[in-house]
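Next come the chains, spelled out residue by residue.
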Protein chains: 2
Amino acid sequence: MIKQNATQALRQLLGDRFTTSESDREIHGRSESHFDLMSPAAVAYPTTTDEVQRIVEICARSDVPMVGWGTGTSLEAQTGADDSSLTIDFSQMNKIRHIDPENMLITVDPGITRKEVNEALRDTGLFFSVDPGANASIGGMAATRASGTTTVRYGTMRDAVKALEVVLADGRIIKTGTYAKKTSAGYDLTALMVGSEGTLGLITELTLKLHPIPEAISAGIVAFESFGGAVQSVIEMIQVALPMARMEFVDTATVQAFNAYADRNMPAMPHLLFELHGSEDSVKQDAETFGAICRENGGQDFEWSERTEDRTALWSLRHNGYYAILAARKGARAVVTDICVPISHLADAVEETRADIAASGLMGPILGHVGDGNFHSVLLLDPENKVEHETALALSDRMAQRALAYGGTCTGEHGVGIGKKKFMEAEHGPAWDVMGAIKQALDPHNLMNPGKLVRD
Amino acid sequence: MIKQNATQALRQLLGDRFTTSESDREIHGRSESHFDLMSPAAVAYPTTTDEVQRIVEICARSDVPMVGWGTGTSLEAQTGADDSSLTIDFSQMNKIRHIDPENMLITVDPGITRKEVNEALRDTGLFFSVDPGANASIGGMAATRASGTTTVRYGTMRDAVKALEVVLADGRIIKTGTYAKKTSAGYDLTALMVGSEGTLGLITELTLKLHPIPEAISAGIVAFESFGGAVQSVIEMIQVALPMARMEFVDTATVQAFNAYADRNMPAMPHLLFELHGSEDSVKQDAETFGAICRENGGQDFEWSERTEDRTALWSLRHNGYYAILAARKGARAVVTDICVPISHLADAVEETRADIAASGLMGPILGHVGDGNFHSVLLLDPENKVEHETALALSDRMAQRALAYGGTCTGEHGVGIGKKKFMEAEHGPAWDVMGAIKQALDPHNLMNPGKLVRD
């Protein structure tokens, strides 16, 4: 329950854009992952930074916890709330604020989605590179430090966010960063806010770095005799600085799910899905190098294309991987794991994970951003079956421990939320307490997305 | 004065590696820039992380301010101390800890210099990219978020540092970051520490990202009719995603200083100095594109070379720019300015700066990292002449204000220290207070490099 005076003030400020309706609360209590319903007491739909500031001031006065919401596609319960909390849904703050083609920057509202950003850029020759699969909101992507298929070339949200506007827990509005390409002017608050999952403040504006659309794009797919050969190929490509723009791995079980879901006819073997960006000449040359390296490591026939529609089909296949795998077991829910290891340990980490899943009896296809050392298994379980749920969570825990043993991280791109908090101590040691001290300094009353990321 | 019991404890811990000698104190009170002598009470030379931790514990118990020291090449008095402080000189912590060629990482002590790192990598086919000119220590480069000639392609220390070990103000040792290529596991403490100038802790170990040495490197120099043409060329190169590895600008006055200092015979015109990295074929193709763009914008004859010795000569010319300019006026000292603006405003910012310098009567050649929008003027002054000193500082202040008006930053790569503190409020507004709150949270007794970067 939110205190009466706060409810009144919010209703007065927002009118219909403040709601305690059952359906709204339920929608904002759900996530795409395996967590139970965690509904807020109410939902607010601000349209301006000024409104966000006033909402925060009202909540701060009445000790109302605040949870930011983009599109609800986070996977570690980052948007989980409770009946004392207000969820602040940014879907009505979804405008382009400014496009600056000369400096290759765009300034946007937090609720705009990555696809909407790229649509707005259509006539500029530029694009926004970060692609987590889901058509997530830009604010949410920044908050979880999202990445995805193009990260091997263009980086994560850490690299893509140039400047931010943030409303802090006490209602102050700050601007972080600069529009210049680099700065040494003090602590990097932009990097601190990216990945802070709404625990330090609410992002109300983002300036993003853009890239020129390359002259030539070529995409394709190649089957491998073994996963080890695929990883070795990628390691060699990195060592010769081959500028891969995308480099994705799918295992045999994922390929089978693709075949069933999208009516494809891929051989039941591990595959690499890839994309090269550059000039006409450089893409041709890179493709030759790419082919030679793959063949040396057991790569089979290539399927190649420079046609946009073929590329779109290929990446929509990859982006629907989660749904294709879910469809492989009727009525299943999924625990989606997300670890990232140094690439030299990737083949071992995947093989050990595969063996562990096989021994568990669960279905768990593996796919991932192999150029980054980041992979996921989608562990399918019957939602009614408690044993399966526990088995899946135990598998996920062992994956995280494996990642840490290899010098990696318990989450490559999904973030901490509630789901990965139990590994923060093991991954960070006393540095986790430093995160807690920073949280305490900026949000002393623990009102910004409480219960997530830092120690309780 | 440091309290007697702290002095005794430090002497017992370090023996000869703790000193209060006049010469040692004076050396550590000087900087390469225009600031007055700011000597510490004593200097410590630790050799291990464990010793740094014990030093910090001793200082914390006796309220002794601690100032980190790498090579003393910072330019904004980042290493300035006073007679209550201990300077911690990392020159004896200068070892390679681990080279990991498969993951393209190297782990080093903070006192090692960037040239020593690259020497250690000689047989690996890899290199460390950040090049600020001076052969600075890696720890110091991280602390000031250094960058330089190769940043246009490979990034700043923000991009180059993968993981850190840091001794905090209370003696706790933390590890930040991961050896995996990316992570979403909580606040980005690595990015927070990079650029914190020793105000949040002392860096005792760094893991750095490396890059493959390109198959082909080609460097050269081209004169332009006007600076505007040179900048326009660079903007166009960025827009076609030409992968320039270095892209430096020098104005006519700098060229004249080069000619005198290094016995060159360059035409008295603005020049671009550049380098291209890639495969044999791609460098050839990029060079053609480069040439075409320059010619369209008033570029004159090229001097080109793929020979290592020519490249070394070219970049040593650039790296000695500061000394070449200093030599242009006998007995002069310099105020070195350092602003960075969005590249669309670079031509205007440089022209306005040039006019401002001309009106002042001082000599102030301009040179910079044009691909980043970052440039410096080296304002020469007679150290005995107070009016000149004030004129130079006033010019520098107006440059910083100009940068902010253009959406840029008061420091592109030299950092804040003492010299740029006066612009932090204007650049960051309430975000500067957030920096102060973080400082307060991690260093409540204000012992880590006090008086720098944050508000007093």
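Up top you'll find the structure we're talking about.
Residues numbered from 1 in each chain as written. Chains lettered and ligands numbered in written order. Predicted model: local features only at pLDDT ≥ 70, side-chain atom pairs only at ≥ 80, totals over all residues. Heavy atoms only, no water.

Q: Let's hear about the overall build of chain A: which residues, and what values?
A: Each helix and strand in chain A was counted, giving 17 helices and 19 strands. Here the C-alpha radius of gyration of chain A, 22 Å, is about what a compact globule of 456 residues would show, namely 23 Å. Dimensions along the principal axes, computed over C-alpha positions, put chain A at roughly 70 × 55 × 45 Å. Here chain A, with 456 residues, has 62% of them falling under the buried criterion. In chain A, 72% of the contacts between residues at least 6 apart in sequence involve partners at least 24 apart. Counting every atom, chain A has about 16,300 Å² of accessible surface; 49% of that belongs to carbon and sulfur. Computed over 41 positive and 61 negative side-chain charges, the inter-centroid distance for chain A is 4 Å. (Helix = DSSP H or I, 4+ residues; strand = E, 2+ residues; numbered from the N terminus. Rg over C-alpha atoms; globule rule 2.2 N^0.38 Å. Buried < 20%, exposed > 50% of the residue type's maximum accessible area, 1.4 Å probe, protein only. Contact = heavy atoms within 4.5 Å. Areas by Shrake-Rupley, 256 points an atom, 1.4 Å probe, with all protein chains shown as cover. Lys, Arg positive; Asp, Glu negative; His and termini not counted. Charge placed at Lys NZ, Arg CZ, Asp CG, Glu CD.)

Q: Go over the relation of the copies chain A and chain B, please, and point to the residues and values.
A: Rotating chain A by 180° and translating it 0.0 Å along the rotation axis places it on chain B, where the RMSD comes to 0.0 Å. When the rotation and shift are considered jointly, the pair of chain copies conforms to a two-fold rotation axis. A shared interface surface links the copies, since 100% of the contact residues of chain A are contact residues in chain B too. (Least-squares fit on C-alpha atoms with pLDDT ≥ 70 in both.)

Q: Provide a residue-level description of the interface of chain A and chain B, including the pertinent values.
A: Of the residues lining the interface, 79 residues belong to chain A; the matching set on chain B comes to 79 residues. Summing both partners gives a buried area of about 6,100 Å² for chain A against chain B, and 57% of it is carried by carbon and sulfur. Per-residue buried area on chain A facing chain B is highest for A:Arg158, A:Lys182 and A:Tyr187; these three make up 16% of the total on that side. The interface formed by chain A and chain B includes six salt bridges. (Buried area = accessible area lost by both parts, 1.4 Å probe. Salt bridge = Lys/Arg side-chain N within 4 Å of Asp/Glu carboxyl O.)

Q: Tell me about the packing of aromatic side chains, residues and numbers included.
A: Enumeration according to the criterion identifies 16 aromatic pairs over all chains in this entry. Plain terms: the ring middles of B:Phe127 and B:Tyr154 are 5.4 Å apart, the flat faces sit at 90° to each other, and that makes the pair edge-to-face. Within this pair, whereas B:Phe127 is found in strand β7 (residues 126–127), its partner B:Tyr154 is found in helix α6 (residues 151–154), the two being separated by 27 residues in sequence. With a centroid separation of 5.1 Å and 85° between ring planes, the pair formed by B:Phe274 and B:Trp304 is classed as edge-to-face. With B:Phe274 in strand β14 (residues 271–278) and B:Trp304 in strand β15 (residues 299–305), the pair connects residues that are 30 residues apart, well separated along the chain. Classification of B:Phe274 by relative accessible area gives buried; the value is 0%. One Lys or Arg, A:Arg246, reaches over the ring of A:Trp315 and ends 4.6 Å from the middle of that ring. (Phe/Tyr/Trp six-rings, centres within 6.5 Å; stacked < 30°, edge-to-face > 60°. Lys NZ or Arg CZ within 6 Å of the ring centre and 35° of its normal.)

Q: Tell me about unusual backbone geometry, residues and numbers included.
A: With a phi close to 55°, A:Asp263 is a non-glycine residue in the positive phi region. Among the structural elements, A:Asp263 can be located in the loop between α10 (252–262) and β14 (271–278). For A:Asp263, a relative accessible area of 72% corresponds to the exposed category. We note that B:Glu197 has phi near 55°; this positive angle belongs to a residue other than glycine. Within the fold, B:Glu197 resides in the loop between α8 (189–193) and β10 (202–209).

Q: Could you give me a rundown of the sheet that holds strand β4 (residues 86–89) of chain B, with the residues and numbers involved?
A: Residues and elements named next belong to chain B. Taken in spatial order, the four strands make up an open sheet running β1-β2-β4-β3, and their pairing is mixed. Edge strands, defined here as strands with exactly one partner in the open sheet, are β1 (18–19) and β3 (66–69). Pairing of β1 with strand β2 (residues 42–44), which is carried by two bridges, proceeds in the antiparallel orientation. In the strand pairing of β2, Phe-18 is matched with Ala-44. Contacts from helix α3 (residues 49–61) reach β2, β3 and β4 within the one sheet, and its direction differs from that of β4 by about 175°. (Pairing = 2+ DSSP bridges. Axes fitted to C-alpha atoms, helices over the stretch in contact; angles between N-to-C directions.)

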